[in-house]
Amino acid sequence: MQITFTPTIFQKNRQNNCPKNAAYPNLSPLKYDTVSFSAMKKNEFEGIDFAVVEKFKAPICNFNSNKDFQKWAREKALGIANKNYDGRSEEIKIQRKHMLKEWSDYVLNQNDAYTASTALLILNAITKDLKPDNDKIPPALNKGVLADCINEIDENTRKDSKYQFDLNKMYNNKLRAFYLDDNRCAATGEYETKWVIIPSRTHDPENFDANVDKLKTLSYKTWCTKSFNARPYLSKGDFHVYLENGEPKIGVRFHKDKIKEIQGERNNGMIPINYLDEIENHIKNNNLPLENLANKQLNKAHKIKPIITKIKADLNEAIGNNDTKAIFKYFKIKVTEDKDGYLTISHYKQPSRDYSFYELGINEKKLFEKVRTISGHADFENSQIIDLGNLETIGGFASFKNSQIKDLGNLKSIGLYANFKNSQVTDLKNLRSIGGDAFFYNSKVEDLGKLEFIGGDAFFENSKVRDLGKLKHISGNAIIFDSPLKITDFAKIKIGGSISSTQI
């Protein structure tokens, strides 16, 4: 009698993305020879399905048919679609939610040609870079460009099982090439520097939806036209975008046939001085009329331009030599140097509401790297600094609101209040003392770390703080509305005031 030995389920598990002994974790694969005739094999998948199996390490030993696989993929895709993608600001959060809904509705419910595995691949690609500490949002949905990408991946994966691809990069390159009518950029990643004119509903009614998508694609990440305001704005007037090597630098919004407003990357109502000449040439060459707001923006830019020009000339040598003491003194920031070369400065903030150190050509990282003490206030809004380096003490208040700072480094004490609203800080690292109020409202801080003392009120309302760390004393009140914290979390903390909460 001939005996044929069949691979055990345990041997198959090793080939099919399943953990060792997945079916029977308490049994030894060498002792038992249980055969599974129904579990799918990897070679039964092809194209997009194969790519998904590989990318997500799908547990195919649990699938008896492709129907089981698609059910698993849909659950994974729904998990991505329903996830809450926090951003650095409430506006970014709203934009992400709005655009992700458009994508998930289409790939999961509206396009019957897309399987659940295809939807999973797509939703994973457009959300992979959406982090709490950045401003990225999903790209505009262009159904034709998306189909082109999916077909390319499917065909190439069928030809070569080792085919490598980045769907997010592929889609964005093809999307920009589509709207810029430039096939070169999709292949090389190089783009033109030019003005792009996107007509309004009135001027191009037949292509209005396509033009809305074009505006979303070519808008800078901080512009509201990147998502929900593209349609209403383009309903009222044209939109002109200035691209520098394919990157949006200037947005010009029209109301009817007049320029309503002009925005730069900061989206703060200020015209970037570096692009003032380009903007004015565009207006002059096309004989574009302006509304009152745009006129005011241009007039203000003309007032600021000579100021910036003079500052750059005055500090040319100091900037070139990275003479930080000379730069600080120029902006009336008192500075002293200790024997080890570390600096104490009187305060810190951007040189003006109208322009930053960055716009003056000053490298803030180099400017700040030797600062150990700030004796007065520190305002990091609009700063390019990412970490506080050697800084140990801030004598006055510290505002991290809308800043790019992620790491507090060696900072140990803040003399007055500390504001973390809309900051990128997630934990307080070595910070031990805040002399005044502590604002964690709408912040990313989750762990108070080594913080022991808060000298005023502690605002945990709508915060993510879950761990009070080594906190021992709050001189004022603790406000914990809409917070993960519970009243019982403060049992061992001395509180001078009261705890405000909806908890009973």
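From a predicted model like this one, the values you see are computed outputs, not experimental measurements. Each chain carries its own residue numbering, running from 1 in the written order of its sequence. With the structure being a predicted model, the display of local features is reserved for residues of pLDDT at least 70 and the display and counting of side-chain atom pairs for 80 or more, all residues being used for whole-chain, interface and lining totals. In computing side-chain properties, one takes all heavy atoms of the structure into account and sets aside hydrogens as well as water.

Enquirer: Before we go on, may I ask you to explain the overall build of the chain in this structure?
Expert: Put simply, DSSP marks the helices as runs of H or I at least four residues long and the strands as runs of E at least two long, and each gets a number from the N terminus on. When helices and strands are counted, the chain shows 15 helices and 20 strands. Per-residue burial for the chain yields a buried fraction of 47% across its 504 residues. The long-range share in the chain, meaning contacts at least 24 apart out of those at least 6 apart in sequence, stands at 41%. Buried, partly exposed and exposed residues are distinguished by accessible area as a fraction of the type maximum, computed with a 1.4 Å probe on protein chains only: under 20%, between the cut-offs, and over 50%, respectively. Only heavy atoms enter the contact rule, under which two residues are in contact if any of them lie within 4.5 Å.

Enquirer: Mind showing me how you'd approach the packing of helix α4 (residues 90–110) against helix α5 (residues 116–127) here?
Expert: A pair of packed helices is captured by two measures, namely the crossing angle of their axes and the spacing between those axes. Running from N to C, α4 and α5 cross one another at 165 degrees; their axes reach a closest spacing of 10 Å. In terms of their interaxial angle, α4 and α5 are classed as roughly antiparallel. The way α4 lies across α5 gives a crossing that is right-handed. The segment α4 lies against α5, with Leu100, Trp103, Ser104, Val107 and Leu108 engaging Ala119, Ile122, Leu123, Ile126 and Thr127. Axes, fitted as lines to C-alpha atoms, cover a helix only where it is in contact. Angles between the N-to-C directions of the axes lie from 0 to 180 degrees. The scheme is simple: roughly parallel for angles under 35 degrees, roughly antiparallel for over 145, roughly perpendicular for 65 to 115, oblique for anything else. Left-handed describes a crossing in which the near helix is turned anticlockwise from the far one by less than a right angle; the clockwise case is right-handed.

Enquirer: Just checking my understanding: could you explain a negative patch on the surface for this structure?
Expert: Each patch is assembled from residues with relative accessible area greater than 30% and no salt bridge, linking like charges that lie within 9 Å and nonpolar side chains (Val, Leu, Ile, Met, Phe, Trp, Tyr) that lie within 5 Å. A 1.4 Å probe and the Shrake-Rupley method give the accessible areas. Residues count as covered only by the protein chains that appear here. By salt bridge we mean one thing: a side-chain nitrogen of Lys or Arg within 4 Å of a carboxyl oxygen of Asp or Glu. Positive charges come from Lys and Arg alone, negative charges from Asp and Glu alone, with His and the N- and C-terminal ends not counted. Every charge is mapped onto a representative atom, which is NZ of Lys, CZ of Arg, CG of Asp or CD of Glu. Together, Glu446, Asp447, Asp467 and Asp489 line one region of the surface with negative charge. Structurally, Asp467 can be placed in the loop between β16 (458–459) and β17 (473–474).

Enquirer: How should the sheet that holds strand β6 (residues 343–345) be read in this particular structure?
Expert: In a beta sheet, neighbouring strands pair by backbone hydrogen bonds and run either parallel or antiparallel. For two strands to pair, DSSP has to find at least two bridges joining them. Across the sheet, nine strands lie side by side as β5-β6-β7-β9-β11-β13-β15-β17-β19; this open sheet has mixed pairing. The outermost strands of the open sheet, each flanked by one partner alone, are β5 (335–337) and β19 (494–495). When strand β9 (residues 393–394) meets strand β11 (residues 413–414), the two strands line up parallel, connected through two bridges. Along β11, the bridge assignment pairs Ile394 with Ile414.

Enquirer: How should the confidence of the model for the chain be read in this particular structure?
Expert: Caution is warranted with low-pLDDT regions, since their predicted coordinates should not be read in detail. Scored from 0 to 100, pLDDT records how confident the predictor is in each individual residue. Mean pLDDT over the chain works out to 87, with 89% of the residues at or above the 70 mark. Confidence over residues 20–37 falls short of pLDDT 50; this stretch has 27 contacts with residues more than four positions distant or in other chains.

Enquirer: Just to check I follow, could you spell out the packing of helix α3 (residues 66–81) against α5 for this structure?
Expert: As a packed pair, α3 and α5 sit with axes 8 Å apart at the nearest point and diverge in direction by 25 degrees. Compared by their axis directions, α3 and α5 come out roughly parallel. The element α3 and its partner α5 pack so that their crossing is left-handed. Here Phe69, Gln70, Trp72, Ala73, Arg74, Lys76, Ala77, Ile80 and Ala81 of α3 come into contact with α5, specifically with Ala116, Ser117, Ala119, Leu120, Leu123, Asn124 and Thr127. Think of it as three bins: nonpolar holds Ala, Val, Leu, Ile, Met, Phe, Trp, Tyr, Cys and Pro, charged holds Asp, Glu, Lys and Arg, and polar takes everything else, Gly as well. Split by residue class, the contact of α3 with α5 holds ten nonpolar, four polar and two charged.

Enquirer: For this particular structure, what's the right way to read the packing of aromatic side chains?
Expert: Aromatic rings from Phe, Tyr and Trp, taking only the six-membered ring of Trp, are treated as a pair when their centres fall within 6.5 Å; an angle between ring planes under 30 degrees marks them as stacked, one over 60 as edge-to-face, and anything in between as tilted. In this structure the tally under the stated criterion is 27 aromatic pairs. Here Phe45 and Phe69 contribute two aromatic rings whose centre-to-centre distance is 5.0 Å and whose plane-to-plane angle is 75 degrees, an arrangement assigned as edge-to-face. Of the two residues, Phe45 sits in the loop between α1 (9–15) and α2 (47–56) while Phe69 sits in helix α3, which places them 24 residues apart along the sequence. Pair check on accessibility: Phe45 and Phe69 agree, each one buried. Taken together through their ring pairs, the aromatic side chains of Phe328, Tyr330, Phe331, Tyr348, Phe357, Phe368, Phe380, Phe400, Phe420, Phe440, Phe460 and Phe490 make up a single cluster. Criterion for a charge above a ring: Arg CZ or Lys NZ at most 6 Å from the ring centre, at most 35 degrees from the ring normal. Geometry around Tyr342 places Lys370 over its ring, the cationic atom sitting 4.9 Å from the centre. The side chain of Arg372 reaches across the aromatic face of Tyr342, ending 3.8 Å from its centre.

Enquirer: Any chance you could explain unusual backbone geometry here in plain terms?
Expert: Leaving glycine out, the prevailing phi sign among residues is negative, and the prevailing peptide bond configuration is trans. Phi angles above zero are rare outside glycine, and Asn422 is one such case at about 55 degrees. Following the sequence through the fold, Asn422 ends up in the loop between β12 (418–419) and β13 (433–434). At Lys429, a position not held by glycine, the phi torsion is positive, near 55 degrees. Relative to the helices and strands, Lys429 is located in the loop between β12 and β13. With a relative accessible area of 33%, Lys429 lands in the partly exposed category.

Enquirer: When you look at the nonpolar core in this model, what are you seeing that I'm missing?
Expert: Soluble globular proteins tend to pack their nonpolar side chains together in the buried interior. Residue types Ala, Val, Leu, Ile, Met, Phe, Trp, Tyr and Cys, when buried and joined through side-chain atoms within 4.5 Å, form a set referred to as a nonpolar core. Grouped together as the largest cluster of nonpolar side chains are 74 residues, with contacts concentrated most on Phe380 and Phe420. Broken down by secondary-structure element, the contributors of at least two residues to this core are β3 (247–255), β4 (258–263), α11 (276–285), α12 (292–314), α14 (324–330), β6, α15 (364–368) and β7 (371–374). Per-element tally for this core: the top contributor is α12, with six residues. The contact partners of Phe420, leaving out residues within four places of it in the chain, are Phe400, Leu408, Val425, Leu428, Leu431, Ile434, Phe439, Phe440, Ser443 and Val445. Counting residues in hydrophobic clusters, the runner-up holds 43 residues, among them Ile60, Leu130, Leu167 and Tyr179.

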